[in-house]
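Residues per chain are reported as follows:
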Number of protein chains: 2
Amino acid sequence: MSENKNETADRSEGPASGASQARRRAGSQAIDEVQRVFESLRNAVLDQRLPPGLQLKEQALADAFGVNRAVVRQVLSRLEVFRLVSHEPNRGVFVAHPSAAEGRDLFTARRFIEAAIVELAVERLRDADIERLRALVKREQQAYADGDLRKALRLSIDFHTKLADAVGNTVLAAFLDEIVTRTPLVVLAHRKASQPTCALSDHAQILDAIAARDVERAKALMIEHVGHLQGRLALDPGAKRSDSNIARLLGLDAVDNPI
Amino acid sequence: MSENKNETADRSEGPASGASQARRRAGSQAIDEVQRVFESLRNAVLDQRLPPGLQLKEQALADAFGVNRAVVRQVLSRLEVFRLVSHEPNRGVFVAHPSAAEGRDLFTARRFIEAAIVELAVERLRDADIERLRALVKREQQAYADGDLRKALRLSIDFHTKLADAVGNTVLAAFLDEIVTRTPLVVLAHRKASQPTCALSDHAQILDAIAARDVERAKALMIEHVGHLQGRLALDPGAKRSDSNIARLLGLDAVDNPI
DNA sequence: GACTACAATATTGTCAACAATCAGGTGCAG
DNA sequence: CTGCACCTGATTGTTGACAATATTGTAGTC
């Protein structure tokens, strides 16, 4: 049911890897192409490789992924539904540049959603589920220890989505997935300084509380954890104006060319 | 180059109260066509005019709405993202037939989301907002009194979405909107008997509790209200199997032709 | 020198024809 | 009568060409 599985090994966007047009004679060749391209772009967002404001040109994407422009068009349409890009008629689609207000809404919603998930987790998770999540947290901490920040960030994200999956409510899992996917764009647009996006691993503690079936503590820890994340961003109402051009370009060349 | 500040985004557009497409931008004729057709179909779902399982053929829709097949295709793609239709490759798209499990997930999620919205409503709503909502409830009760069930149902739905809008969190509002839009399909697929879908108007009481800034009572009432709604459906785990064809067809001819 | 009008280019949006695939029916053989 | 191969009509999927639009560059004028 859930169309997004972050299980897929991060093959990134391998531009020409699509050149291997493995014609599966099973019908609908391009229909899973849409899936593939969508996942690639979603992964790029999650890894913070797509700077807000960047224009995504149809032909360039089509060439890069070795697909038709129609496929790209469909992917962009889906990305727009998830607010990952914004579409300006007759001008093109641009990587979304979420406002501070949108960032605040996102985090506020996230607190509620994560609290709900934790609440269900306490009453539903089996020991096997918890063990699996513990292993995930361990890998995350190892990645931090190894200094592999990108991998650690990704595993940190995976913890939240996997926890949601484990709870078994597809709707809440999908909502959290959407929030989590949109968050990196908020981070890029409103990071306070050169803060690491996710440092301390509160995840282990949260898991402990869930294992101990301590609802209130688990919820409190999770809400605090989300608060930590938000605290590294500048989302205050009167804060710095969203800038229009220069700041965005400054942010742009700080990241290597994504495509 | 290219200043694009996308602050205001339009996503699921609110309840779509009619065809108020006053702004007529020169370009992009068909792009708001997509919007229009999407809203029409979404309204059809909200009014329970689309029986789960019905096939939506591209050419038929194109003819019915007087648009290109490409437009229809884009609309169907968006509907699929919202789980309002299900797409079977090389076969077509069909009005979604949510399983009982999906229905349960939907209602469980809804309880959390509505509770969150109520919680924010208590601390954020101004008197003017509450007055506006009271007027809405009044119209709803009047519709019931007039025996206009369809209108009453629609106003009842509007109460929830408008309350979410008033709270001002775009993310939570969008989530509730998605839930509310998917619910009618669950109702059609799993209605217990010939139950009216929404009878008693707890809405007034909920509003009173919000106006009195009584968070706990407001939340409790809202959760109870959602529980009432769910109670009219047969979503129990071991309940009647989701059937595959016959029940779907039975549900089909019970409703007049949707297009 | 700055501003406007205009041409050139690049990009998006639209459309219809073509190909691939599936559902249903027909006829033949057993 | 039943089962299987095949044919036929209908529907979806794909592609490329064409039109509409915005952006950039250039020249001309005040």
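Here goes a summary of the coordinates provided. These figures come from a predicted structure and were not determined experimentally. (Residues numbered from 1 in each chain as written. Chains lettered and ligands numbered in written order. Predicted model: local features only at pLDDT ≥ 70, side-chain atom pairs only at ≥ 80, totals over all residues. Heavy atoms only, no water.)

A few points about the overall build of chain A
Rules: Only DSSP runs of H or I covering at least 4 residues are called helices, and only runs of E covering at least 2 are called strands; the numbering of each starts at the N terminus. Relative accessibility decides the category of a residue: with a 1.4 Å probe and only protein chains considered, values under 20% of the type maximum give buried, values over 50% give exposed, and everything between is partly exposed. Residue contacts are counted whenever heavy atoms from the two residues lie within 4.5 Å of one another. The Shrake-Rupley method, run with a 1.4 Å probe sphere, supplies the accessible areas, and residue values consider only the shown protein chains as cover.
Of the regular secondary structure elements, chain A holds 10 helices and 3 strands. Helices (α) and strands (β) of chain A occur, in sequence order from the N terminus, as α-β-α-α-β-β-α-α-α-α-α-α-α. The buried share among the 259 residues of chain A stands at 51%. If you take every contact in chain A between residues at least 6 apart in sequence, the share linking residues at least 24 apart comes to 78%. Total accessible area on chain A stands at roughly 11900 Å², and carbon and sulfur atoms take up 51% of it.

Side note on the nonpolar core
Defined as follows: The nonpolar core is taken to be a set of buried Ala, Val, Leu, Ile, Met, Phe, Trp, Tyr and Cys residues, with the residues joined through side-chain atoms within 4.5 Å.
Ile113(A), Ile210(A), Ile113(B) and Ile210(B) are the most contacted members of the largest nonpolar core, which has 92 residues in total. Ignoring anything within four residues of it in the chain, the contact list for Ile113(A) reads Leu172(A), Phe175(A), Leu176(A), Ile179(A), Ile113(B) and Phe175(B). If you look at the next biggest cluster of nonpolar residues, it comprises 53 residues, including Ala44(A), Leu61(A), Phe65(A) and Val72(A).

What about the environment of His87(B)?
Residue position: His87(B) is located in strand β2 (residues 85–88). Sequence separation between His87(B) and Ser77(B) is 10 residues, and the spatial gap between their C-alpha atoms is 8.4 Å.

Some points on the pairing of strand β2 (residues 85–88) of chain A
Residue and element names in this part refer to chain A. Just so we agree on the cut-off: Any two strands are treated as partners once DSSP identifies two or more bridges connecting them.
Sheet topology places β2 next to strand β3 (residues 92–95); 4 bridges connect them, and they run antiparallel. Within β3, the position partnered with Glu88 by the bridge is Gly92. In sequence, β2 turns back onto β3 through a hairpin of 3 residues, with Asn90 there showing a positive phi of about 65°.

Here's the deal with helix α8 (residues 203–211) of chain B
Quick reminder: α-helices carry 3.6 residues per turn. Residues three or four places apart thus point the same way. Residue and element names in this part refer to chain B. To keep things clear, this is the line we draw: The directions considered for the arc run from the helix axis to the C-beta atoms.
Within α8, burial applies to His203, Ile206, Leu207, Ala209 and Ile210. Along α8, the residues classed as buried sweep out an arc of 160° about the axis, all on the same side. Residues of α8 that are buried make contact with α4 (100–124), α5 (127–146), α6 (149–167) and α9 (215–231). Two residues or fewer after α8 comes Arg213, characterised by a positive phi angle close to 55°.

Fair warning: the whole summary comes from geometry, so function is off the table for now.
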